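Now for the letters of each chain:
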Amino acid sequence: MMENSLETWGPVCASVGVAVTGLAATYYLTKMPEPTCIPPVDLDNQSHILQDGSRTSKLVPKDAKYKPLYEDVETFYDIFQRGIKTSGNGPFLGTRSGPNQEYVWLSYQEVYDQSVAFGSWMLEQGIQSRSETVIGIFSQNRAEWVITEKACVAYSLVPVALYDTLGDDAVTFIINQTNMSLIVCDVSEKVNKILKMVSEGENRCVKTIVVMNGIDGVDAELAWKVDVMIVPFQDALKTGCSNLKPVAPPTPEDLALICYTSGTTGNPKGVMITYKQAMAQITGLSIAVFNYRLFNKNDVHLSYLPLAHMYERIGQQCLTLEGARIGFFRGDVKLLLDDLQTLKPTVFFSVPRLLNRIYDKVMAGVKGSKLKVMLFNWAIASKENELKQYVIRRNSIWDKIVFQKIQALFGGRVEYISTGSAPLEAKVLTFFRCALGCMILEAYGQTESVAGLTMGVPGDYHAGAVGPPIPYNYIKLLDAPEYGYFAKDNQGEVCAKGVTISSGYYKDPVKTSETFDKDGWLHTGDIGQWLPNGTLIIIDRKKNLFKLSQGEYVAPEKVELVYIRSSFVAQAFVEGDSLQPYVMSVIVPDEEVLMAWAKSQKITGSFQDLCKSESVKTMILLDIQKIGREAGLKGFELTKDIVVRSELFSVENGLLTPTFKNKRPQLRSFFKNDIAALYKKHQGSSS
């Protein structure tokens, strides 16, 4: 469905005559409309510089102390209560059952009633209403996910999300570390996975599993064997309704949630976030965009980014605060455009991967004729000129003859998009700002900062940076001399402090002390640079970690150690692109092993000839992918393609350190064109 929708963009303007278009364009260009989004700060001076060299937002006074956006809203429970009133008990959570089906909505009050019923049922099962009790949620985004979370909030329980990409060992670790006794799952496959973990583990803390889709397919025999009770979600609601318990809302200082990061090596880390920290983030984000527009009860959002991560989670709280509607995608990203076109959202939280894919398809369609290329370039230039005059609209002639079908892909009503998790190329960001005629802001942050640390300000038409600090965040750059970055040059490791910063990792003081220093500064591991206008750009990653387009970090050394287990591999260099969802690699084969293999296959030629052979390359690629899967590498860590090189990395050629470790910056530079060629070859591939 997604592919078909994109391909129908086709000839966007073939039927429009050049002369008519030129005359109409001239008319519109001479009638520039009034600005619709004047920036709230001087675009050449977007952040305060404090005495210690750190920076903070100019959207609030330099010495501003945190205070909630609304005095009576200090927790997620308060947010929901305000949402009920603000919406006039309007529609809240929407679900779509299939193609050609409209969204069916639960009202704010219905969601509240169900959350209290489910919370009451949990208390009946012996769950203690206190801010240390953990409840697991193992599900894709859907209404029951939110109902479960709001039940936890109503009774001061702590929701902890589990998700597939963590891997089975990590899920088991989280269950055991948090002593998780009750888990809410969406489908029977996940229930059976948990039951298998319980049966194979020593710590059998799981006592109850609730299933959203019903118990068909659940391994009842294994559940009985490990003494785990299986309950359909609807049955729990019905039982809870008959014996409602008084709500026990949390305080601002209570633990709101634990969000586990996938990490790169070792066990995942549980980031502890209090209500006060989360509310400060919500307030800061609201201040950062409200000069353009606050969300309101008429807003609609399509939820597809994982609720297991903070980006979507905090975004939904911002929407709930103002009584907006949240519709869920059907669980398949391939059907996402169909969901968008049915829901017609006004607000959309996204990641570069989706936007890049749509951009590539549109650009491929534009190249069909000189007329389309000319009109397209003319349209982009005209709309970009409007952006520089602070005009954001979608009612120009260009919207009618060039961009209308692109806007229709998103439902035709989008007014605000935020993008994060990975960088978005400047040309792609500018394209969507022009084509969609809406506000698009890029943000940067991490789980340890609740979500965002920086975000572009409304009206800023520049692209390439991630904006100034979000209000109530303080950011400074620390020297990273081993990488050649110094704060005096406005470069260094990005460190953050403020009320939005997590208090540390759950039951892990060692890792907490490694990431949060004694003065409360969070060390992100990212290398940033202040631009002259007071905005931040991320230029490197400390400790050689890099992030892919879906937001997952890769530790290349770990992957390389797996790949050299192959008897054919002498050396390996793994590289990634933050705009792509997979890694590429350079492989130097073991000459002795490869020559022996060639002889057994009756293949002749020198070692150098074999390294140029496509069949040899394919053989090595399949072998390291197989070894990677056997070693438990995640899908995004399995290399998509390889360059085979006959010359070893060495100290002499500058590609190894004196201790024979890969010199990553030099390797990255040396193989830059080779890696780029591999990504170009696989352009548009998603796995």
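Computed from a predicted model, the values in this text were never measured in an experiment.

Caption draft 1: Region of the structure containing the overall build of the chain. Scanning the chain from N- to C-terminus turns up 23 helices and 26 strands. Against the 2.2 N^0.38 benchmark of 26 Å for 687 residues, the chain shows a C-alpha radius of gyration of 27 Å, consistent with a compact globule. The principal-axis extent of the C-alpha atoms belonging to the chain is close to 80 × 75 × 60 Å. Sorting the 687 residues of the chain into buried and exposed places 56% on the buried side. Taking contacts inside the chain between residues at least 6 apart in sequence as the whole, the part at least 24 apart equals 70%. Distance between charge centres in the chain, computed from 72 positive and 74 negative side chains, equals 4 Å.

Caption draft 2: Representation of the sheet that holds strand E25 (residues 583-589) in the model. In spatial order, the strands read E24-E25-E26; together these 3 strands make up an open sheet with mixed pairing. Bordering the open sheet on either side are strand E24 (569-576) and strand E26 (642-644), each of which pairs with just one other strand. Averaged over all pairs of adjacent strands, the angle between strand axes in this sheet comes to 20 degrees, irrespective of strand direction. As paired strands, E24 and E25 are joined by 7 bridges and run antiparallel to one another. For Glu 575, the partnering residue across the bridge sits in E25 and is Met 584. On the sheet, helix H21 (residues 614-630) packs against E24, E25 and E26 and is oriented at approximately 130 degrees with respect to E26.

Caption draft 3: View of the nonpolar core. If you look at the biggest cluster of nonpolar residues, it comprises 160 residues, and the most contacted ones within it are Phe 118, Met 122, Ile 194, Phe 410 and Phe 432. Residue contacts for Met 122: discarding those within four places in its chain leaves Ile 127, Ile 135, Ala 151, Cys 152, Leu 157 and Leu 182. Among the nonpolar cores identified, the runner-up in size contains 29 residues, and Phe 546, Tyr 563, Ile 587 and Phe 636 belong to it.

Caption draft 4: Examining the layout of surface pockets more closely. The space that makes up the second largest pocket amounts to roughly 350 Å³. Every residue lining the second largest pocket is counted, 19 residues in all, and those nearest its centre are Thr 95, Asn 141, Arg 142, Ala 143 and Glu 144. For the lining of the second largest pocket, the elements supplying multiple residues, two or more each, are helix H5 (143-154) and helix H9 (233-241). When grouped by side-chain class, the residues that make up the lining of the second largest pocket number 8 nonpolar, 6 polar and 5 charged.

Caption draft 5: Region of the structure containing the pairing of strand E16 (residues 439-445). Burial analysis of E16 places 6 of its 7 residues in the buried class, which makes it a mostly covered element. Relative to E16, strand E15 (residues 416-419) is paired through 4 bridges, and the arrangement is parallel. Its bridge partner being in E16, Thr 419 is matched across the sheet by Glu 442. Following the chain from E15 across helix H16 (residues 426-436) to the adjacent parallel E16, one finds a crossover that is right-handed. Hairpin remark: E16 followed by strand E17 (residues 452-455), antiparallel, with 6 residues in the connecting loop; positive phi at Val 450, about 75 degrees.

Caption draft 6: Spotlight on the packing of helix H13 (residues 352-366) against helix H14 (residues 370-388). At a closest axis distance of 8 Å, the pairing of H13 and H14 adopts a crossing angle of 130 degrees. Compared by their axis directions, H13 and H14 come out oblique. Every residue of H14 that contacts H13 at Val 362, Met 363, Gly 365 and Val 366 is listed here: Lys 372, Val 373 and Phe 376. Considered class by class, the residues forming the contact of H13 with H14 number 5 nonpolar, 1 polar and 1 charged.

Caption draft 7: Local environment of helix H12 (residues 336-343). H12 sits mainly inside the fold: 7 of its 8 residues count as buried. Of the positions making up H12, those classed as buried are Leu 336, Leu 337, Asp 338, Asp 339, Leu 340, Thr 342 and Leu 343. In the segment just after H12, Lys 344 is the residue with positive phi, at about 55 degrees.

Caption draft 8: Just the pairing of strand E21 (residues 536-541), in detail. Both strand E20 (residues 522-530) and E21 contribute to a ladder of 5 bridges, which runs antiparallel. By the bridge assignment, Gly 528 is partnered in E21 with Ile 538. Linking two consecutive strands that pair antiparallel, namely E20 and E21, is a turn of 5 residues; a positive phi of about 85 degrees is found at Gly 534 within it.

Caption draft 9: Geometry of the environment of Pro 250. Mapped onto the fold, Pro 250 is located in the loop between H9 and strand E10 (255-261). Given the relative accessible area of 10%, Pro 250 is considered buried. With 175 residues separating them in the primary sequence, Pro 250 and Thr 75 have C-alpha atoms 7.1 Å apart. The residues contacting Pro 250, other than those within four sequence positions of it, are Thr 75, Tyr 77, Val 153, Ser 156 and Tyr 275.

Caption draft 10: Here's a closer look at the packing of aromatic side chains. Applying the stated rule across the entire model yields 28 aromatic pairs. A centroid spacing of 4.1 Å and a plane angle of 20 degrees characterise the contact between Phe 92 and Tyr 108, whose relative ring orientation is stacked. With Phe 92 in strand E3 (residues 91-95) and Tyr 108 in helix H4 (residues 108-124), the pair connects residues that are 16 residues apart, well separated along the chain. Taken together, a centroid distance of 6.1 Å and an interplanar angle of 70 degrees make the contact between Phe 348 and Phe 410 edge-to-face.

Caption draft 11: Here's a closer look at unusual backbone geometry. The phi torsion at Lys 344 lies on the positive side, around 55 degrees, for a residue other than glycine. Assignment of secondary structure puts Lys 344 in the loop between H12 and strand E14 (347-350). Even without a glycine there, the phi angle at Tyr 390 is positive, about 65 degrees. Within the secondary structure layout, Tyr 390 lies in the loop between H14 and helix H15 (397-409). What makes Tyr 390 partly exposed here is its relative accessible area of 26%.

Caption draft 12: Geometry of the pattern of salt bridges. The full count for this structure, using the stated rule, is 21 salt bridges. The residue Glu 144 makes a salt bridge to Arg 142 at a minimum N-O spacing of 2.9 Å. Of the two residues, Glu 144 and Arg 142, neither departs from the other in class, the shared state being buried. A salt bridge links Arg 393 to Glu 386, with the shortest nitrogen-to-oxygen separation between them at 2.5 Å. Summarising the burial analysis for this pair, Arg 393 and Glu 386 share the class buried. One network of salt bridges, in which partners are shared, links Arg 96, Arg 330, Asp 338 and Asp 339.

Calculation notes
Residues numbered from 1 in each chain as written. Predicted model: local features only at pLDDT ≥ 70, side-chain atom pairs only at ≥ 80, totals over all residues. Heavy atoms only, no water. Helix = DSSP H or I, 4+ residues; strand = E, 2+ residues; numbered from the N terminus. Rg over C-alpha atoms; globule rule 2.2 N^0.38 Å. Buried < 20%, exposed > 50% of the residue type's maximum accessible area, 1.4 Å probe, protein only. Contact = heavy atoms within 4.5 Å. Lys, Arg positive; Asp, Glu negative; His and termini not counted. Charge placed at Lys NZ, Arg CZ, Asp CG, Glu CD. Pairing = 2+ DSSP bridges. Axes fitted to C-alpha atoms, helices over the stretch in contact; angles between N-to-C directions. Core = buried A, V, L, I, M, F, W, Y, C linked by side-chain atoms within 4.5 Å. 1 Å grid on protein atoms, 1.4 Å probe; cavity = no way out; pocket = protein on both sides within 12 Å on 5 of 7 lines; lining within 4 Å. Points joined across faces, edges and corners; volume = space filled by probe spheres on them. Nonpolar A, V, L, I, M, F, W, Y, C, P; charged D, E, K, R; others polar. Right-handed = clockwise from strand over helix to strand, strands pointing away. Parallel < 35°, antiparallel > 145°, perpendicular 65-115°, else oblique. Phe/Tyr/Trp six-rings, centres within 6.5 Å; stacked < 30°, edge-to-face > 60°. Salt bridge = Lys/Arg side-chain N within 4 Å of Asp/Glu carboxyl O.

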